[in-house]
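Listed below, chain by chain, are the residues.
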Amino acid sequence: VGVGVGSGECALIEAAYGPEHPDLAIPLTNLGFVFERRDQPKKALELYMRALALEEAAKGVDSSGVAPRCLNVGNMLGSMGDLEGARRYWDRALRAVEKEHGRKHPEALSALANIATSYAMEGKLDLAERGFQEVLSLRESMLGSEHPGLISALTNLGEIHRMQRKHAAACSYY
């Protein structure tokens, strides 16, 4: 079997339809999650990349349909310490979703938050603050100002202001 594991769903799809069939993308992604949890990031990344390639071939490289796979690859690269590489995939997911659905879409918001987080991890706090502020503004416009879906954006902005030693501003977000 092309994925080199087991005899489950991936093996059955490959046997029935061939190793390039787009129906493999989801089980490959699920398998990637397993390898990620087993602390095998290189194998997980390989599976995420293969799933992305299958989705690209089926849906087009700029389709919003590839956004979830781009987010997976970006998340894995980010967890492996390649924040610049991760941002390229998160930005690609953002552009694809934005083109078809606008910025007020869950995958667009995930990409924006991931990009902002990566800037915070690199100490680029002004860029992180702008990104988290945009996430908060978009979520507020979608959910209202009292919705619990704002909590993570508020916490992230509070943390950025705390890191900038803007304590009064940080308190207003906590």
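Computed from a predicted model, the values in this text were never measured in an experiment.

Of regular secondary structure, the protein chain possesses nine helices and zero strands. Taken from the N to the C terminus, the helices and strands of the protein chain come in the order α-α-α-α-α-α-α-α-α. Dimensions along the principal axes, computed over C-alpha positions, put the protein chain at roughly 60 × 35 × 25 Å. Buried positions account for 42% of the 174 residues belonging to the protein chain. Look at the contacts in the protein chain between residues 6 or more apart in sequence, and 50% of them connect residues 24 or more apart. With the model as given, the accessible surface of the protein chain reaches about 9,100 Å², and the carbon-plus-sulfur share is 54%. Seen as two clouds, the 20 positive and the 23 negative side-chain charges of the protein chain have centres 4 Å apart.

This next bit is on helix H7 (residues 125-143). If you check H7, its first and last C-alpha atoms are 26 Å apart, about what 19 residues at 1.5 Å a residue would give, namely 27 Å. Listing the buried residues of H7 in full gives Leu-125, Ala-128, Glu-129, Gly-131, Phe-132, Val-135, Leu-136, Leu-138 and Arg-139. Buried-residue contacts for H7 involve helix H6 (106-121), helix H8 (151-163) and helix H9 (167-173). The first or second residue beyond H7 is Gly-144, which carries a positive phi of 95 degrees.

Mapped onto the secondary structure, Arg-139 falls in helix H7. Despite its burial, Arg-139 pairs with no opposite charge, the nearest such side chain being Glu-140 at 11 Å.

Under the criterion given, the structure shown has 14 salt bridges. Residues Glu-46 and Lys-43 are paired through a salt bridge, measuring 3.5 Å at the closest nitrogen-oxygen approach. Of this pair, Glu-46 and Lys-43 both sit in helix H3 (residues 41-59), three residues apart, which is roughly one turn of that helix. A salt bridge links Asp-91 to Arg-95, with the shortest nitrogen-to-oxygen separation between them at 2.9 Å. One end of the pair is Asp-91 and the other is Arg-95, both in helix H5 (residues 83-101) and four residues apart, which spans about a single turn. In this structure Arg-95 comes out as partly exposed when scored by relative accessible area, which is 46%.

What follows covers the packing of aromatic side chains. Enumeration according to the criterion identifies one aromatic pair in this entry. Between the aromatic rings of Phe-33 and Tyr-48, the centroid separation amounts to 5.7 Å while the plane-to-plane angle is 65 degrees, which identifies the pairing as edge-to-face. Separated by 15 residues along the polypeptide, Phe-33 in helix H2 (residues 25-37) and Tyr-48 in helix H3 bring together distant segments of the chain. A cation over an aromatic ring shows up here: Lys-43 above the ring of Phe-35, its NZ or CZ 5.9 Å from the ring centre.

What counts and what doesn't
- Residues numbered from 1 in each chain as written.
- Predicted model: local features only at pLDDT ≥ 70, side-chain atom pairs only at ≥ 80, totals over all residues.
- Heavy atoms only, no water.
- Helix = DSSP H or I, 4+ residues; strand = E, 2+ residues; numbered from the N terminus.
- Buried < 20%, exposed > 50% of the residue type's maximum accessible area, 1.4 Å probe, protein only.
- Contact = heavy atoms within 4.5 Å.
- Areas by Shrake-Rupley, 256 points an atom, 1.4 Å probe, with all protein chains shown as cover.
- Lys, Arg positive; Asp, Glu negative; His and termini not counted.
- Charge placed at Lys NZ, Arg CZ, Asp CG, Glu CD.
- Expected span 1.5 Å × (residues − 1).
- Salt bridge = Lys/Arg side-chain N within 4 Å of Asp/Glu carboxyl O.
- Phe/Tyr/Trp six-rings, centres within 6.5 Å; stacked < 30°, edge-to-face > 60°.
- Lys NZ or Arg CZ within 6 Å of the ring centre and 35° of its normal.

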